[in-house]
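Okay, here's what each chain looks like letter by letter:
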Amino acid sequence: MEIYLDRRAVRQIRASARNAIEDGDAGTLPEQILEVFSDDDVRSIEQLLDGGELGDFLASLIDEWGGDDVDELFDLLESQFADIGVDLSTEYRGDIDDTEVLEEEDEFPETDDLDDEDEDEGEEEEEEEEA
């Protein structure tokens, strides 16, 4: 099974890990990592874990992590997921600034806004055809 983490997911994990390092507390990190996976991915991974919970798997992984290097966390994520048969891949690992904070509302337009733009364009096209 292959799971691809897009740029947003990698940023979220990196920002959460950086915050955990700065705070000296990785207690919520497993939950924050879990959020980047789709519900389908979670179900599939949990089947590979023989009915185990992905949250518990991530908590165990975080306990194993040294807690001082974000790239080390990604190496551990990749190796632990590979051990259960999941190829966890990203292509945005080294080029994302650790201090960069993900602000989804600023970076990604709401889907409703996109729908409104599409409707406006359709109305303009209809007006041009009528003229």
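Residues numbered from 1 in each chain as written. Predicted model: local features only at pLDDT ≥ 70, side-chain atom pairs only at ≥ 80, totals over all residues. Heavy atoms only, no water.

Now, about the side chain of Ser 89: what can you tell me, with residues and values included?
Mapped onto the secondary structure, Ser 89 falls in strand β2 (residues 87-89). Within the structure, the side chain of Ser 89 is placed 3.4 Å from the side chain of Glu 2, a separation counted as a polar contact. Residues within four places of Ser 89 in sequence aside, it is in contact with Glu 2, Ile 3, Tyr 4 and Leu 5. (Helix = DSSP H or I, 4+ residues; strand = E, 2+ residues; numbered from the N terminus. Polar contact = N/O pair within 3.5 Å; in protein donor to acceptor, adjacent residues only side chain to side chain. Contact = heavy atoms within 4.5 Å.)

Describe the packing of aromatic side chains, and please don't skip the residues or the numbers.
Considering all chains together, one arrives at two aromatic pairs under this definition. In textbook terms, an aromatic cluster arises when at least three aromatic residues are bridged by ring pairs, as seen for Phe 37, Phe 57 and Phe 81. (Phe/Tyr/Trp six-rings, centres within 6.5 Å; stacked < 30°, edge-to-face > 60°.)

I'd like to hear about the packing of helix α4 (residues 54-64) against helix α5 (residues 70-83), residue by residue, with values.
At a minimum axis distance of 10 Å, the contact between α4 and α5 shows a crossing angle of 130 degrees. One finds that α4 runs oblique with respect to α5. At the point where α4 passes α5, the crossing takes the right-handed sense. Two secondary-structure elements touch here, α4 through Leu 54, Phe 57, Leu 58, Leu 61, Ile 62 and Glu 64 and α5 through Leu 73, Leu 76, Leu 77, Gln 80 and Phe 81. Taken together, the residues of the contact of α4 with α5 sort by class into nine nonpolar, one polar and one charged. (Axes fitted to C-alpha atoms, helices over the stretch in contact; angles between N-to-C directions. Parallel < 35°, antiparallel > 145°, perpendicular 65-115°, else oblique. Left-handed = near helix turned anticlockwise from the far one by under 90°. Nonpolar A, V, L, I, M, F, W, Y, C, P; charged D, E, K, R; others polar.)

Give a description of the nonpolar core that names residues and reports values.
In terms of nonpolar packing, the biggest core is built from 28 residues, with Leu 5, Phe 37, Leu 73 and Phe 81 touching the most fellow members. Ranked by residue count, the leading element in this core is α5, at six residues. Once residues lying within four places of it in the same chain are set aside, the contact partners of Leu 73 are Ile 13, Ala 17, Leu 29, Ile 33, Leu 61, Ile 62 and Trp 65. (Core = buried A, V, L, I, M, F, W, Y, C linked by side-chain atoms within 4.5 Å. Buried < 20%, exposed > 50% of the residue type's maximum accessible area, 1.4 Å probe, protein only.)

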